[in-house]
Amino acid sequence: MKYYLIAGEASGDLHASHLMSVLKDRDEEAQFRFFGGDMMAAVGGTRVRHYRELAYMGFVPVMLHLPTILRNMRMCKRDIQQWQPDVVILVDYPGFNLKIAHFVHAEGICPVYYYIAPKIWAWKEYRIKNIKRDVDELFSILPFEVDFFEGKHGYPIHYVGNPTAAEIAPLISKAPLTSPLGGKDSGGGDGFGSSPSRNDRGGILALLAGSRTQEIKDNLPAMIEATRHLAGQYDIVVAGAPGIAPDYYRQFLEGSSVRLVVNETFHLLSQATAALVTSGTATLETCMFRVPQVVCYKTPLTWLTGWMKRHVLKVKYVSLVNLIAGREVVRELVADTFSVENIRRTLETILPGGSDRERMLADYEEVHRLLGDSHAPAVAADIMLRLLKEKKVKEDVQKTM
């Protein structure tokens, strides 16, 4: 079968690549064409656009790049029309993907499957009308979404388990790793380029500042400043985001002892003592590795965002860890609570001997239990293939009538 996939950011690239791998194993005639990243490209098929050309966030960046976004959308629609896939599989990224879903549905090209449901329970709940109209099958990876979509909106979905849990499980060992953090790394003090790994201090503090340049620009300087007083005790390491050039980090790391590692986020987390994390999939990944964390997310117009978070947003939390648990497991410093002093003070509470460290680690176990051990890509792929085969059988029957 012919599968057309669209992922608009690094986490989508990761999850889509695993789904593609299973589809490829199950379907010997699988052909892939996609908007995505390097991980999807490694599975095979034809990449039409890299997600770097799509990943703009915030009102101003979107407006500045609107001609590019619209050009990519026209190109995507034209490409789908010409290729005539058996199914279009959308991966999160709702601003772009829901418009593609509407086009594919309106043109009657093929079924639209949405893998990793849009988070409309947090923002823009009105999009449920578009989903009901344009999406044939919705695949959820968060357990509380079942009640939202089916209970509140009467829209049946497939809960397939969480891919992050399945992706990380084989990498986690209960015994502490003794191998040093290796690979490419770059230090603020040593200059950029390859240098030996080093962990000659009391542990590692991981800084995960987001997957987009704007997020990194907004969050990383405060993270570095908040950990500066710990540089003599800890090796402070930034996880370079996929798709972001290492040189981009130079402006933030110069003059500090903080260093950068590239393509080693999971290895970094496997050795970290604690972490500062920008909200997103990374918060759940950090939880899966049982690393105590502080969620840090700076926003423009902090007072307004803080007011909206309290009075407008549909959910209490921004991190997946807290959303899954349904309570505050990790502290969120967002909008008007985001400051260097708050980050520094909260980080102290989750370091060894800190007042919140053991409580957070115990609460992580509840999140692990809620997610379970389902292999989400395999479950989703099996459902997709069954539905597509049933559709083909119906079409063949109709042709004979």
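Structure: above.
Below is a short write-up of the structure. Values in this document were obtained by computation on a predicted structure and should not be read as measured data.

**So, the nonpolar core**
Generally speaking, soluble globular proteins have nonpolar side chains that are buried together. The biggest cluster of nonpolar side chains holds 131 residues, and the ones touching the most others in it are Leu5, Ile89, Tyr115, Phe149 and Leu220. Ranked by the residues each element gives to this core, the list is headed by helix H17 (residues 376-400), at 9 residues. What Phe149 contacts, discounting residues up to four positions off in sequence, is Ala117, Pro118, Ile120, Ile128, Ile131, Leu138, Gly154, Tyr155 and Ile157.

**A short note on the pairing of strand E1 (residues 2-7)**
A regular strand places its side chains so that they alternate between the two faces of the sheet. Counted residue by residue, E1 has 5 buried out of 6 residues, so it is predominantly covered. As paired elements, E1 and strand E2 (residues 31-36) share 5 bridges and run parallel to each other. Within the sheet, the bridge partner assigned to Tyr3 lies in E2 and is Phe32. Taking the sense of rotation as the criterion, the β-α-β connection linking E1, helix H1 (residues 10-26) and E2 turns out right-handed. Relative to strand E4 (residues 87-91), E1 runs parallel, the two being bridged by 5 bridges. Opposite Tyr3, over in E4, you have Val87 as the bridge partner.

**With respect to the pattern of salt bridges**
Going through the model one piece at a time under the given rule, you end up with 20 salt bridges. Its salt-bridge partner being Asp134, residue Arg133 comes within 2.8 Å of it at the nearest N-O pair. Assessed through its relative accessible area of 1%, Asp134 is described here as buried. Glu390 serves as the salt-bridge partner of Arg386, at 3.4 Å between the closest nitrogen and oxygen. Of this pair, Arg386 and Glu390 both sit in helix H17, 4 residues apart, which is roughly one turn of that helix. Given the relative accessible area of 38%, Glu390 is considered partly exposed. It is possible to trace a salt-bridge network through shared partners that takes in Glu9, Arg212 and Glu215.

Rules of the game
All chains use their own residue numbering, which begins from 1 and follows the written sequence. Residue-level local features of this predicted model are given only where pLDDT is at least 70; pairs of side-chain atoms are given and counted only at 80 or more, and the full residue set underlies all totals for whole chains, interfaces and linings. Hydrogens and water are ignored here; the side-chain numbers use all heavy atoms of the structure. Put simply, buried Ala, Val, Leu, Ile, Met, Phe, Trp, Tyr and Cys residues joined by side-chain atoms within 4.5 Å make one nonpolar core. The cut-offs for exposure are 20% and 50% of the maximum accessible area for each residue type, with area from a 1.4 Å probe on protein chains only; residues under the lower value are buried, those over the upper are exposed, and the others partly exposed. In this description a helix means any DSSP run of H or I spanning at least four residues, a strand means any run of E spanning at least two, and both kinds are numbered starting from the N terminus. Here, residues are in contact when the closest pair of their heavy atoms is within 4.5 Å. In this analysis, strands are considered paired if DSSP registers two or more bridges between them. Orienting the strands away from the viewer, one traces the path from the first strand over the helix to the second; a clockwise path indicates a right-handed crossover. Criterion for a salt bridge: a side-chain nitrogen of Lys or Arg within 4 Å of a carboxyl oxygen of Asp or Glu.

All we've got here are geometric facts, nothing functional implied.
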